[in-house]
Amino acid sequence: MLRKLCLRRRRFWYLVIVFVFLLFAYTQILSWNSDNSSRWFDQVQMFDQSDGKLFSNRHSKNTHEEEHTHQIRDEDKELDRIHRERRTRLQEVCSNRNLAYLGKSREEQVREHFIFDEKSQVLYCTIEKVGSTFWRRLFQILAGKSKVKSPFDIMPAHALGGNVHTFADLPFHLITSIVSSYTKFLIVRNPFERLYSGYVDKIFSLHFAYIGKHIVITQRKNATRHSKNCGHDVTFAEFVRYVIKGERTNKNRNAHFSPMYDHCKPCQIGYDYIGKLETFEKDTMYILRKLNFSSVASGLEKDFRGRTTNDSAADQADLLFKYAKIHRKCIDPHEIQKIYWRKEQIRGLIDPDIPFPFSEKESQNLTAAQYLNAIHRSIGRAKNKDMAKQFRRDAMLKAYSTIPNSDMQKLKKIFKPDCDIFSYDCNSP
């Protein structure tokens, strides 16, 4: 009996000892795990601080993306309001005008301004001198007609065509269906700025020499034979008189200089989005997002102004050396190079105080690459966006100061529909 009692006590103490051992072991394990967990976190922190880009960059990138997304949302809310006001303005003006704002262009001319994509059901009305070269290239990408990812990868000379659909050969019932069901947009611009830009780009720089000849012959008294044959020295005042006469007689009109409402018939079409060249980058990104092309917008946002400037400079350099050969009989290469240099100053691309850097002798063998390098070296104050804008405005105001008041009043009357519909001030440039 005593022996059995001793065995029971011994077993009890064994169990107590085992229990205490297990409890101690369990406590140590918890402590070890806690220590190791702390050490693992410390290692991550050390990695973050020393070599430390994986963890911190991921966090930074996510934070940046979230902030960027919030910024876009806030910006789009404001742009929603702005575009709603633009639509309301269009509706109010057009509802009070009945048939007054039909324009003078022939139907076949109007049809060519509309390009559309069946897949995305988007309709865009192009207007010359309002970013149409950029948007025509971009539309080729949106419509899947080009495999490139950026419109800057398509040469400006290839903007026209691109296998995109237009209204040119479309029957009336299909046009009606597209207009009533597709998402429609256009880009507009201050009419005074657009007209001056058209003069600088097409007349001053000899791009439309045939119109220059016509202007000299019809608008200049006692013109020299050289000027009549070349049309290389048309003044802005002569150009304005040509435009006024064309609008009055409906003859010798050109789409680069005719009113915007006449291109796109806003009172008859009714647009969902009205972008403006004055806010071109913001409106472009906004419209792309609204058209469900957010990925395209994201790709374009990176250095948009820089890429636009480089794209334009390269295009102008190509045109310079093309037309220098064409007009060699009328104007010396050195002189046409100086004209294009001044053109870039007027456009706010380079500093207006920096003179053309090549001598007559150097101009004879000047290459496009050398000319472009000189442009990039001469940006100066034009690097600043506000300064570049001021340079453009100063040049425009100087040009309009040469226009007699009687012609200015006629211009204002021509611009009135555009000013009314798109909310611009027609009282002065």
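Quick look at the structure, then.

### Focus: the pairing of strand S4 (residues 183-188)
Moving on, step 1. With five of six residues buried, S4 lies mostly within the body of the structure.
Moving on, step 2. Bridge analysis of strand S2 (residues 122-125) against S4 gives four bridges, and the strand direction is parallel. Bridge pairing in S4 links Cys-125 to Leu-186.
Moving on, step 3. Where S4 lies against strand S5 (residues 273-276), four bridges are found, and the strand directions are parallel. Looking across to S5, one finds that Val-188 is bridged to Lys-276.

### Structural notes on the packing of aromatic side chains
Moving on, step 1. Taken as a whole, this structure holds 32 aromatic pairs when the rule is applied.
Moving on, step 2. Considering the side-chain rings of Tyr-101 and Tyr-261, the 5.8 Å spacing of their centres and the 55 degrees angle between planes classify their relative orientation as tilted. Taken together, the residues span a long stretch of sequence, with Tyr-101 in the loop between helix H2 (53-95) and helix H3 (107-111) and Tyr-261 in helix H10 (residues 261-264) at a distance of 160 residues. Comparing Tyr-101 with Tyr-261, the two get one shared label, buried.
Moving on, step 3. Considering the side-chain rings of Phe-134 and Phe-152, the 5.7 Å spacing of their centres and the 50 degrees angle between planes classify their relative orientation as tilted. In this pair, Phe-134 is assigned in helix H4 (residues 132-142) and Phe-152 in the loop between H4 and strand S3 (165-166), connecting sequence segments 18 residues apart.
Moving on, step 4. One aromatic cluster is present, built from ring pairs that chain together Phe-192, Tyr-196, Tyr-199, Phe-204, Phe-236, Phe-239, Tyr-242, Phe-257, Tyr-400 and Phe-415.
Moving on, step 5. For Lys-276, the ring lying beneath its charged end belongs to Tyr-424, and the centroid distance is 4.3 Å.

### Some thoughts on the packing of helix H6 (residues 191-204) against helix H18 (residues 385-400)
Moving on, step 1. Running from N to C, H6 and H18 point in directions that differ by 85 degrees, and their axes come no closer than 11 Å. In terms of orientation, H6 lies roughly perpendicular with respect to H18. Between H6, through Phe-192, Glu-193, Leu-195 and Tyr-196, and H18, the contact on the second element is made entirely by Arg-393, Ala-395, Met-396, Ala-399 and Tyr-400.
Moving on, step 2. For the contact of H6 with H18, a count of residues per class yields seven nonpolar, no polar and two charged.

### So, the nonpolar core
Moving on, step 1. Ranked by internal contacts, the top residues of the largest apolar core, which has 86 residues, are Trp-135, Tyr-196, Phe-239 and Tyr-400.
Moving on, step 2. Leave out the neighbours within four places in its chain, and Tyr-400 touches Phe-192, Leu-195, Tyr-196, Phe-236, Met-408, Leu-411 and Pro-429.
Moving on, step 3. Among the nonpolar cores identified, the runner-up in size contains 21 residues, and Ala-313, Ala-317, Ile-336 and Trp-341 belong to it.

### Some words on the pattern of salt bridges
Moving on, step 1. Across all of its chains, the model carries 24 salt bridges by this definition.
Moving on, step 2. With a shortest N-O distance of 2.9 Å, Glu-107 and Arg-111 are connected by a salt bridge. With Glu-107 and Arg-111 both in helix H3, this residue pair falls four residues apart, about one helical turn.
Moving on, step 3. You can call Arg-111 buried: its relative accessible area is 15%.
Moving on, step 4. Among the ionic pairs, Asp-420 bridges to Lys-416, the shortest N-O distance being 2.6 Å.

Analysis parameters
Residues numbered from 1 in each chain as written. Predicted model: local features only at pLDDT ≥ 70, side-chain atom pairs only at ≥ 80, totals over all residues. Heavy atoms only, no water. Buried < 20%, exposed > 50% of the residue type's maximum accessible area, 1.4 Å probe, protein only. Helix = DSSP H or I, 4+ residues; strand = E, 2+ residues; numbered from the N terminus. Pairing = 2+ DSSP bridges. Phe/Tyr/Trp six-rings, centres within 6.5 Å; stacked < 30°, edge-to-face > 60°. Lys NZ or Arg CZ within 6 Å of the ring centre and 35° of its normal. Axes fitted to C-alpha atoms, helices over the stretch in contact; angles between N-to-C directions. Parallel < 35°, antiparallel > 145°, perpendicular 65-115°, else oblique. Contact = heavy atoms within 4.5 Å. Nonpolar A, V, L, I, M, F, W, Y, C, P; charged D, E, K, R; others polar. Core = buried A, V, L, I, M, F, W, Y, C linked by side-chain atoms within 4.5 Å. Salt bridge = Lys/Arg side-chain N within 4 Å of Asp/Glu carboxyl O.

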